[in-house]
Amino acid sequence: MTEIRDSQWEQLKKECLTCTRCALSGTRTQVVFGVGDPLSEVLFIGEGPGQEEDLRGEPFVGRAGQLLDVMLASVGLQRENIYIANIVKCRPPNNRDPLNIEQDACIGWLREQVKLIRPKIIVCLGRVAAMKIIRPDYKITAEHGRWVEKGGFWMTALYHPAFLLRDPRHKPDTFADMKSLEIKIREVCARTLPD
Ligand code: URA
Ligand code: SF4
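What counts, and where the lines are drawn
- Here the residue numbers are simple positions, counted from 1 along each chain's written sequence.
- Note on labels: chains are lettered from A, ligands numbered from 1, in written order.
- Only residues with pLDDT of at least 70 are given local features in this predicted model, and only at 80 or more are side-chain atom pairs given and counted; all residues enter the totals for whole chains, interfaces and linings.
- Just so you know, side-chain values use all the structure's heavy atoms and leave hydrogens and water out.
- Values of pLDDT, the confidence the predictor places in each residue, fall between 0 and 100.
- In this text, helices come from DSSP runs of H or I with a minimum length of four residues, and strands from runs of E with a minimum of two, each type numbered from the N-terminal end.
- Every helix has an expected span of 1.5 Å times one less than the residues it contains.
- Throughout this description, buried means an accessible area under 20% of the type-specific maximum (1.4 Å probe, protein chains only), exposed means over 50%, and partly exposed covers the range between.
- Working definition: the arc comes from the directions between the helix axis and the C-beta atoms, pointing outward to the latter.
- When checking whether two residues touch, look at their non-hydrogen atoms; a contact exists if any pair is within 4.5 Å.
- Being near a molecule or strand, for a residue, means having at least one of its heavy atoms within 4 Å of it.
- Here a polar contact is recorded for every N or O atom pair within 3.5 Å, except that within protein the pair must consist of a potential hydrogen donor and a potential acceptor, and residues adjacent in sequence are included only if both atoms are side-chain atoms.
- Computed by Shrake-Rupley with a 1.4 Å probe, the accessible areas treat only the displayed protein chains as cover when residues are assessed.
- Residues are grouped as follows: nonpolar covers Ala, Val, Leu, Ile, Met, Phe, Trp, Tyr, Cys and Pro; charged covers Asp, Glu, Lys and Arg; every other residue, Gly included, is treated as polar.
- The charge count includes Lys and Arg as positive and Asp and Glu as negative, but it does not include His or the ends of the chains.
- We define a salt bridge as a contact between a side-chain nitrogen of Lys or Arg and a carboxyl oxygen of Asp or Glu at a distance within 4 Å.
- For two strands to be treated as a pair, DSSP must find at least two bridges joining them.

> Before we move on, could you go through the confidence of the model for the chain and cite the residues and values that matter?
Looking at the chain, the pLDDT average stands at 97 and 99% of residues meet or exceed 70. The least confident element of the chain, judged by mean pLDDT, is helix H1 (residues 3–16) at 95; the most confident is strand S4 (residues 121–125) at 99.

This is how it looks when you write it as structure tokens:
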């Protein structure tokens, strides 16, 4: 990372960690900014922190996160090779879906992160992220794993790992989608996977 980008990233993170732009600031333990390599070519975007994430300050560290690690490993990826963030950075109470007003309040932070990361590929995890990032009427059941080029990024969406834990019948689809991600990475990324 250039020194300028590095300091901009640290500044952004510092500001974000005390954010009070929406009501979730009143119930969170801490802001979950993101994890991984801020210079990564591949950005994963989930929905929002759950209880474990709220306590640990890191995305996808609960059961869904363990499955995400297995999904990544299936194509030779690790957290260190990518960046992982969420649509909202504070936990919605009782793990409800983040409200539109919360998503709209928070998305600016993610946009700033995207500007600094400059990923080649954006992978949405689940319906909520896909509807916010790809298209408001995105249909995850019909469209998961398909690629769209938008705003200079290649984008796709996968079933959310928490959904896969509840409904494991969809796991084979997701592992096929991960293979398609591997192919796309080999096409458009230079540094993410070894030759
Ligand atoms: N689910 C998400 O969408 N994000 C997390 O960080 C954890 C679980
Ligand atoms: Fe700020 Fe986002 Fe947390 Fe709301 S969810 S308080 S906008 S960081």
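> Give me H1: which residues, what numbers.
Look at H1: 20 Å from first C-alpha to last across 14 residues, which is about the 20 Å you get at 1.5 Å a residue. When we look at burial in H1, the residues that qualify are Arg5, Trp9, Leu12 and Cys16. Along the axis of H1, the buried residues cluster in a sector spanning 65 degrees; they form a single face. Residues of H1 that are exposed and angled more than 90 degrees away from the buried face: Glu3, Ile4 and Lys14. Buried residues in H1 make contact with strand S3 (83–86) and helix H4 (100–117).

> I'd love a proper account of the site of ligand 1, names of residues and values included.
In the vicinity of ligand 1, the residues found are Gly46, Glu47, Gly48, Glu53, Pro59, Phe60, Asn86 and His160. In the model, an oxygen atom of ligand 1 is placed 2.8 Å from a nitrogen or oxygen of the Glu47 main chain. Within the contact set of ligand 1, a nitrogen atom lies 2.8 Å away from a side-chain nitrogen or oxygen of Asn86. Protein burial of ligand 1: of its 240 Å² of free accessible surface, 92% is covered by the chains. Broken down by class, the residue content of the shell around ligand 1 amounts to two nonpolar, four polar and two charged.

> Residues and numbers for the side chain of Asp177, please.
Inspection of the secondary structure puts Asp177 in helix H8 (residues 171–188). Of the buried charged residues, Asp177 lacks a salt bridge, with Arg146 as the closest side chain of opposite charge at 9.3 Å. Once you skip the residues sitting within four places of it in the chain, Asp177 turns out to touch His144, Gly145, Ala157 and Leu158.

> Talk me through the pairing of strand S6 (residues 153–158); I want residue IDs and the actual numbers.
Residues in a regular strand point their side chains to alternate faces of the sheet. Burial within S6 is extensive, with five of its six residues counted as buried. Here five bridges tie S4 to S6, and the two strands are oriented parallel to one another. Within the sheet, the bridge partner assigned to Cys124 lies in S6 and is Ala157. Of the strand pairs in this sheet, strand S5 (residues 148–150) and S6 are connected by three bridges, and their pairing is antiparallel. Each bridged residue has a counterpart across the sheet, and for Val148 the counterpart in S6 is Met155. Two successive antiparallel strands, S5 and S6, enclose a turn made up of two residues, where Gly151 displays a positive phi of approximately 60 degrees.

> I'd like a description of the site of ligand 2, backed by residues and values.
Close contacts around ligand 2 come from Cys19, Arg21, Cys22, Leu24, Ser25, Arg28, Lys89, Cys90, Ala105, Cys106 and Trp109, and that covers them all. Residue composition of the shell around ligand 2, by class: seven nonpolar, one polar and three charged.

> Provide a residue-level description of H8, including the pertinent values.
Between its first and last C-alpha, H8 extends 26 Å over 18 residues, near the 26 Å set by a 1.5 Å rise per residue. When H8 is considered as a whole, its buried residues turn out to be Thr174, Asp177, Met178, Leu181, Glu182, Lys184 and Ile185. One side of H8 holds all its buried residues, which, seen down the axis, span an arc of 165 degrees. Seen from the open side of H8, the exposed residues pointing more than 90 degrees away from its buried face are Pro172, Ile183 and Glu187.

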